[in-house]
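Letter by letter, the chains look like this.
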Amino acid sequence: MYAVLLAAGEGTRIRPLSSDVPKPMLPVADRPIVAHTADTAVEAGVDKLVVVVGYEGDAVRDYFGDSYRGVPVDYAVQRERAGTADAVAAARDHLTAEPFAVLNGDNLYDPDAIAHLFEVGPAVGAVRVDDPTNYGVLETADETVTGIVEKPDEPPSTLANAGVYVFPAQARNWLEVPASERGEREITDVLARVIEADTVRPVVLDRWLDVGRPWELLAANEWKLDELEPRLEGTVSDDAVVRGPVVVESGASVDAGVVLEGPVLIRSGASVGPNAYVRGATLVGEDAHVGHAVEVKNSVLMQGATVGHLSYVGDSVLGRDVNFGAGTTVANLRHDDEPVEHTVKGERVSTGRRKFGVVAGPEVKTGIDSSLAPGLALSANATTDPGEVVDRDR
Ligand code: TTP
């Protein structure tokens, strides 16, 4: 079997982090999100990957090249973001007379369940949820999927569609579905045709995460950082303290007085300290720097991000080459203890998190002593003034 990975979306809901990279290339532990998807497919035994790229697609091509973990990789380009069925249709020239799997390049899956799903023939992955009304919900009878309904008021089951499918070869002829109400050609309409023609099995995944919004990138890192095998390959001072699962990659350095409390990953080229406190789950990306008297907790610092001195960063995502001035303090908790809100595509939404800090796009710079409010988004290249209290997105 081979797998089609959908990685053509822009990730408008995760802006500003996707302002210069496609969402599937955002980092989760030691690799981009889409590499975790590819790992799942490779470990389930696929013999080819077809990656559908679009927005900033070169970043995806540069990462995988023409093979990944011994499996050949082909690319298809989706010209317009016209929906998930359209994305698979863009790969038509690569679809063969064999059954094929389709996975979202921005989802994390439970690998054992995916291996099982690939074995059972036409199938769809699902997760059990308490409130299915916001999902595509599977209708089932006798271990067979009989239908799928989008965001139903009265859900026919608690099985939410997890966006991973095994289709029979003929499905490549059923991709020309009409646009849905939201104007996209949806893969679930292709699934509906497969359900009419074939027996489709539901396969329940224990764990699944769709990375759509910034706090889901934190959740993805919490998941994958927790799975890393601890190892200290970089330079770690004898005067540093390492507690719990910590990885310091070769080429990274940890100076005196630093306390690392896992799960923490310090990537190659990064430096921490002296006298810094980094608490899990935290990713300090390649060439990032956490300096003197800085505390970082449950955060993602992308490549080249710098928090040089006397700052606090909690529950936050700092994009590529962000620079926080001395004394920058992130607030990550509301006084009323309600979940922190964040603006996604112009709408205030609850993150569901009691603690959530800031989302800073690439090359943001804060002035010294900036105070940043919980849930704040700073767009690419935004700056703050010295001493400024920032409680509105910019
Ligand atoms: P979404 O997360 O629904 O879309 P997106 O990635 O563009 O993000 P946003 O809604 O924030 O703008 O997409 C689900 C998966 O399908 C994801 O892996 C991207 C992929 N996709 C495509 O490849 N082409 C498309 O036209 C669409 C809509 C999605």
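These figures come from a predicted structure and were not determined experimentally.

Asker: Mind showing me how you'd approach the UniProt feature "domain: Nucleotidyl transferase" (unreviewed entry) in the chain here?
Answerer: Sequence positions flagged by UniProt for "domain: Nucleotidyl transferase" (unreviewed entry) are, in local numbering, residues 3-222. Along residues 3-222 the backbone is 25% helical and 30% strand, and the end-to-end C-alpha distance reaches 26 Å.

Asker: Teacher, can you tell me more about unusual backbone geometry here?
Answerer: Excluding glycine, residues mostly carry a negative phi; peptide bonds, for their part, are mostly trans. A cis amide bond links Arg-15 to the next residue, Pro-16, at an omega of 5°. Position of Pro-16 among the secondary structure elements: in the loop between strand 1 (2-7) and strand 2 (27-28). Residue Pro-274 is bonded to the preceding Gly-273 through a cis peptide linkage, with omega at 10°. Relative to the helices and strands, Pro-274 is located in the loop between strand 22 (271-272) and strand 23 (277-279). Unusually for a residue other than glycine, Asn-275 sits at a positive phi of about 55°. Along the chain, the position of Asn-275 falls in the loop between strand 22 and strand 23. Even without being a glycine, Asp-369 presents a positive backbone phi close to 60°. Position of Asp-369 among the secondary structure elements: in the loop between strand 36 (365-366) and strand 37 (371-372).

Asker: Before we go on, may I ask you to explain the side chain of Lys-23 in this structure?
Answerer: Note on placement: Lys-23 falls in the loop between strand 1 and strand 2. Relative accessible area serves as the criterion here: at 6%, Lys-23 is assigned to the buried category. In this structure the side chain of Lys-23 is engaged in a polar contact, spanning 2.8 Å, whose partner is the side chain of Asp-106. Reaching out from Lys-23, the side chain makes a polar contact with the backbone oxygen of Val-211 at a distance of 3.1 Å. Residues contacting Lys-23, with those up to four places away along its chain left out, are Glu-10, Gly-11, Arg-13, Ile-14, Ser-18, Ile-33, Asp-106, Val-211 and Gly-212.

Asker: Hey, could you run me through the sheet that holds strand 19 (residues 253-254) in this one?
Answerer: Strand pairing within a sheet occurs via backbone hydrogen bonds; the two strands may be parallel or antiparallel. Taken in spatial order, the seven strands make up an open sheet running 16-19-22-25-28-31-36, and their pairing is parallel. For this open sheet the edge positions go to strand 16 (235-236) and strand 36, each flanked by a neighbour on one side alone. Examined bridge by bridge, strand 31 (residues 323-324) and strand 36 share two bridges and lie parallel to one another. The residue bridging Phe-324 from the neighbouring strand is Thr-366, located in strand 36.

Asker: Quick question: what am I supposed to make of the UniProt feature "domain: Mannose-1-phosphate guanyltransferase C-terminal" (unreviewed entry) in the chain here?
Answerer: With numbering aligned to this structure, UniProt lists the feature "domain: Mannose-1-phosphate guanyltransferase C-terminal" (unreviewed entry) at residues 261-352. Helix makes up 0% of residues 261-352 and strand 46%. Its end C-alpha atoms lie 25 Å apart.

Asker: When you look at the site of the ligand in this model, what are you seeing that I'm missing?
Answerer: Around the ligand, the structure places 19 residues, and the nearest of them are Leu-6, Thr-12, Arg-13, Gln-78 and Arg-81. Between the ligand and the protein, one listed contact pairs an oxygen atom with a side-chain N or O atom of Arg-81 at 2.6 Å. Elements supplying a minimum of two residues to the shell around the ligand: strand 1 and helix 3 (84-90). Split into classes, the residues belonging to the shell around the ligand amount to five nonpolar, eight polar and six charged.

Asker: Mind showing me how you'd approach the packing of aromatic side chains here?
Answerer: Within a pair of aromatic rings, the relevant descriptors are the distance that separates the centres and the angle that separates the planes. Tallied over the full model, the rule gives six aromatic pairs. An angle of 25° between the planes, with centres 5.8 Å apart, marks the rings of Tyr-2 and Phe-100 as stacked. Of this pair, Tyr-2 sits in strand 1 while Phe-100 sits in strand 7 (residues 100-104); the two residues are 98 residues apart in sequence, bridging distant segments of the chain. On the accessibility criterion, Tyr-2 (1% relative accessible area) is buried. Taking relative accessible area as the criterion, Phe-100 reaches 0% and is therefore assigned buried. Summarising the aromatic geometry, the rings of Tyr-63 and Phe-64 are spaced 5.2 Å apart at their centres and angled 85° between planes, so their arrangement reads as edge-to-face. Exposure remark for Tyr-63: the relative accessible area of 36% places this residue in the partly exposed category. Ring pairing ties together the aromatic residues Tyr-2, Phe-100, Tyr-165 and Phe-167, which thus form one cluster.

Reading guide: rules and limits
Every chain is numbered independently, its residues counted from 1 as its sequence is written. Confidence filtering applies because this is a predicted model: local features only for residues at pLDDT of at least 70, side-chain atom pairs given and counted only at 80 or more, and all residues used for totals across whole chains, interfaces and linings. Side-chain measures here rest on the full set of heavy atoms in the structure, leaving out hydrogens and waters. UniProt positions are given in the numbering used here, feature names are shortened, and annotations may be inferred rather than shown by experiment. Counting from the N terminus, the helices are DSSP H or I runs at least four residues long and the strands are E runs at least two residues long. Type-normalised accessible area, obtained with a 1.4 Å probe on protein chains alone, sets the label of each residue: buried when under 20%, exposed when over 50%, and partly exposed for intermediate values. Polar contact is defined as a pair of N or O atoms within 3.5 Å, subject to the rule that within protein one atom must be able to donate a hydrogen and the other to accept it, and that residues adjacent in sequence are counted only when both atoms are side-chain atoms. What makes two residues a contact is simply this: any of their non-hydrogen atoms within 4.5 Å. Between any two strands, pairing holds if DSSP finds at least two bridges. What makes a residue near a molecule or strand is one non-hydrogen atom of that residue sitting within 4 Å of it. Residues are grouped as follows: Ala, Val, Leu, Ile, Met, Phe, Trp, Tyr, Cys and Pro are nonpolar; Asp, Glu, Lys and Arg are charged; all remaining types, including Gly, are polar. Only centres within 6.5 Å qualify two rings of Phe, Tyr or Trp (six-membered ring in Trp) as a pair; their planes then separate them into stacked at under 30 degrees, edge-to-face at over 60, and tilted for everything else.

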